[in-house]
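# Coordinate analysis (summary)
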Amino acid sequence: AVFMASDDSGELSELYVESSFGKKFKPVPFHKDGYYAVLLAWPSVESSFSASVVATDKAGNTSKTPIRLYLQSKKYKESKIAISNAFIDGKITELANEYAKDVDQMDAIAKFKFVNETLRNANEDIIEQITSQIREDKLGEFKITPFYPLKNGAVVASFGDHRIFSFDGAELSESYHMGLDFASTAMAGIVASNGGEVVFADKNGIYGNNMIIYHGFGLYTLYGHCTTMAHEQSEIVPNGANIATTGTTGLALGDHLHFGVVIQGIEVRPEEWMDRKWMKESVYDILENSKKIIDGSK
């Protein structure tokens, strides 16, 4: 979305775009004074979406204007998964031993619920905190090419998959898979299709060795379950750089890459940012057409 916001008496004291689920997206100054741009994200777990620009002046007066949106609903997969004692005795126990404070008091079910709920929520909170920031003062040239992080990688798990876990026939826990899983060969090279700043490169629970890169305009990419990571936090990686290798760290049963795309803390469909046509129609055409309208306005 691109919009104009100004106050005759001076600068606005607060400006943001608020969604129907309470998320506040920070807009970036765009092209000319008084104009702003923002990428908005509709979470897969929310059944509906709307958003409004909220502006407050120095005197405390607030104006709220709805954004016209063209929405295309997406139905996500639901998977029912029966877990085994062998699975709990393996990866689940390994992670519980590393991260739970009272693991000696946990039975098998408690260990699974700790990893799938408590640990997962803590790990996703870290991701949300890191990726909620806008890191530039003004939107300059924003041009991202489609992401292809793993050469010859086959998709082995989809984004938005609602997973319902059962044990001995009884439903036990649930989660949502917030990325695409790619697999090829063991310890395959992971490529940063677009350059950016490494804002996180560390162990992160179920995500294992986890790298997050900022590409501008509130857009981040996430790489999980890595065996090795070739860059540290705050490093700038160029387009096409080899940044890591695939692996089985974290909650990964087989060697693969968990690839995520995040917009201001909201995980979105990676497939869209791998689709040149979608990117052109949904992002770049909007920005370019908006520039023309702004330049033609009085």
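Please refer to the structure higher up on the page.
In what follows, the accompanying structure is described. Here the residue numbers are simple positions, counted from 1 along each chain's written sequence. It should be noted that, the model being predicted, local features are given only for residues of pLDDT at least 70 and side-chain atom pairs only at 80 or more, the latter also being counted only at that level, while totals for whole chains, interfaces and linings use all residues. Excluded from the side-chain calculation are hydrogens and water; included are all heavy atoms of the structure.

## Quick look at the environment of isoleucine 134
The residue isoleucine 134 is located in the loop between α2 (108-131) and β9 (154-157) in this model. Once the C-alpha coordinates of isoleucine 134 and glutamate 94 are considered, the two residues, 40 residues apart in sequence, prove to be 36 Å apart. Every residue in contact with isoleucine 134, bar those within four places of it in the chain, is listed here: Lys26, Val28, Tyr214, Phe217, Gly218 and Gln264. A run of H or I in DSSP counts as a helix once it spans at least four residues, and a run of E counts as a strand once it spans at least two, with each numbered from the N terminus. We call two residues in contact whenever any of their non-hydrogen atoms come within 4.5 Å of each other.

## Regarding the packing of aromatic side chains
Pairing of aromatic rings covers Phe, Tyr and Trp, the last counted by its six-membered ring, and requires centre-to-centre distances within 6.5 Å; plane angles under 30 degrees mean stacked, over 60 mean edge-to-face, and any other angle means tilted. Counted under the stated rule, the structure contains 13 aromatic pairs. Geometrically, the ring pair formed by phenylalanine 3 and tyrosine 36 is stacked, given 5.9 Å between the ring centres and 25° between the ring planes. Pair noted here: phenylalanine 3 is in strand β1 (residues 2-4) and tyrosine 36 is in strand β5 (residues 35-37), with a separation of 33 residues, a long-range link. Taken as a pair, phenylalanine 3 and tyrosine 36 share a single burial class, namely buried. Note on phenylalanine 147 and phenylalanine 259: the rings are 6.0 Å apart at their centroids and 50° apart in plane angle, and the pair reads as tilted. A residue pair is termed long-range when its members are at least 10 positions apart, and phenylalanine 147 in the loop between α2 and β9 and phenylalanine 259 in strand β19 (residues 257-263) qualify at 112 residues. The buried label applies to any residue whose accessible area, calculated with a 1.4 Å probe on protein chains only, is under 20% of its type's maximum; exposed applies above 50%, and partly exposed to all values in between. Look at phenylalanine 147 and you get buried, because its relative accessible area is 1%. Connected via pairs of aromatic rings, a cluster forms that spans Phe147, Phe182, Tyr223 and Phe259. Over the aromatic face of tyrosine 214 sits the side chain of arginine 135, whose NZ or CZ is 5.8 Å from the ring centroid. Positioned above the aromatic ring of tyrosine 284, the side-chain terminus of lysine 143 is 4.0 Å from the ring centre. To sit over a ring, a charge needs its Lys NZ or Arg CZ within 6 Å of the ring centre and within 35 degrees of the ring normal.

## Some words on the pattern of salt bridges
One side-chain nitrogen of Lys or Arg within 4 Å of one carboxyl oxygen of Asp or Glu is enough to make a salt bridge. Per the stated rule, a full pass over the model turns up nine salt bridges. Ionic pairing is found between lysine 291 and glutamate 288, a salt bridge with its closest N-O pair at 3.6 Å. On the criterion of helical spacing, the pair formed by lysine 291 and glutamate 288 is a turn pair, its members being three residues apart in helix α3 (residues 276-296). Residue glutamate 288 is classed as partly exposed on the basis of its relative accessible area of 37%.

## Brief notes about the packing of helix α1 (residues 85-99) against α2
Across the interface, α1 lies against α2 with an axial gap of 9 Å and an inter-helix angle of 60°. In this structure, α1 crosses over α2, and the sense of that crossing is left-handed. When α1 is examined against α2, the residues Phe87, Ile88, Ile92, Thr93, Leu95, Ala96 and Tyr99 are found in contact with a partner set consisting of Ala108, Lys111, Phe112, Phe114, Val115 and Leu119. Amino acids are sorted into nonpolar (Ala, Val, Leu, Ile, Met, Phe, Trp, Tyr, Cys and Pro), charged (Asp, Glu, Lys and Arg) and polar (every other residue, Gly among them). Each residue belonging to the contact of α1 with α2 can be placed in one class, and the counts come to 11 nonpolar, one polar and one charged. Simply put, an axis is a line fit to the C-alpha atoms, just over the touching stretch for a helix, and the angle between two N-to-C directions goes from 0 to 180 degrees. Should the near helix be turned anticlockwise from the far one by less than a right angle, the crossing is termed left-handed; should it be turned clockwise, right-handed.

## Re the pairing of strand β16 (residues 219-226)
Along β16, eight of the eight residues are buried, which leaves the element largely enclosed by surrounding structure. Any two strands are treated as partners once DSSP identifies two or more bridges connecting them. Taken together, the six bridges between strand β15 (residues 209-216) and β16 define a ladder with antiparallel strand orientation. Bridge pairing in β16 places isoleucine 212 opposite leucine 222. Where β15 folds back on β16, the antiparallel hairpin that results is connected by two residues, among which phenylalanine 217 adopts a positive phi of roughly 60°. Pairing of β16 with β19 involves six bridges; the strand directions are antiparallel. In the strand pairing of β19, threonine 221 is matched with valine 261.

## What to know about α2
Expected span, for any helix, means 1.5 Å times one less than how many residues it has. Along its 24 residues, α2 runs 33 Å from first to last C-alpha, staying within 8% of the 34 Å computed at 1.5 Å per residue. Across the chain, bend at a residue is computed as the angle between axes fitted to the seven residues ending at that point and the seven starting from it. The sharpest bend along α2 reaches about 35° and sits at phenylalanine 114. Within α2, burial applies to Lys111, Phe112, Phe114, Val115, Asn116, Leu119, Arg120, Asn123, Ile127, Ile130 and Thr131. Sitting at the amino-terminal end of α2 is aspartate 107, which places a side-chain oxygen 3.3 Å from the backbone nitrogen of isoleucine 109. In protein, a polar contact means a hydrogen-donor-capable atom and an acceptor-capable atom, both N or O and within 3.5 Å, with residues adjacent in sequence counting only if both atoms are side-chain atoms; elsewhere, any N or O pair within 3.5 Å suffices.

## Describing empty space enclosed by the protein
Cavities and pockets are found on a 1 Å grid laid over the protein atoms alone: a cavity is a set of points where a 1.4 Å probe fits but cannot escape, a pocket is an open set with protein on both sides within 12 Å along at least five of seven lines, and a lining residue has an atom within 4 Å of such a point. Grid points are joined across faces, edges and corners, and a volume is the space filled by probe spheres set on the points. According to the stated counting rule, one finds one cavity of 30 Å³ or more in the structure shown. The computed volume of the largest cavity comes to approximately 70 Å³. Looking at the largest cavity, the residues that line it are Phe30, Gly140, Glu141, Phe142, Lys143, Tyr284, Leu287, Glu288 and Lys291. When the residues that make up the lining of the largest cavity are grouped by side-chain class, the tally is four nonpolar, one polar and four charged.

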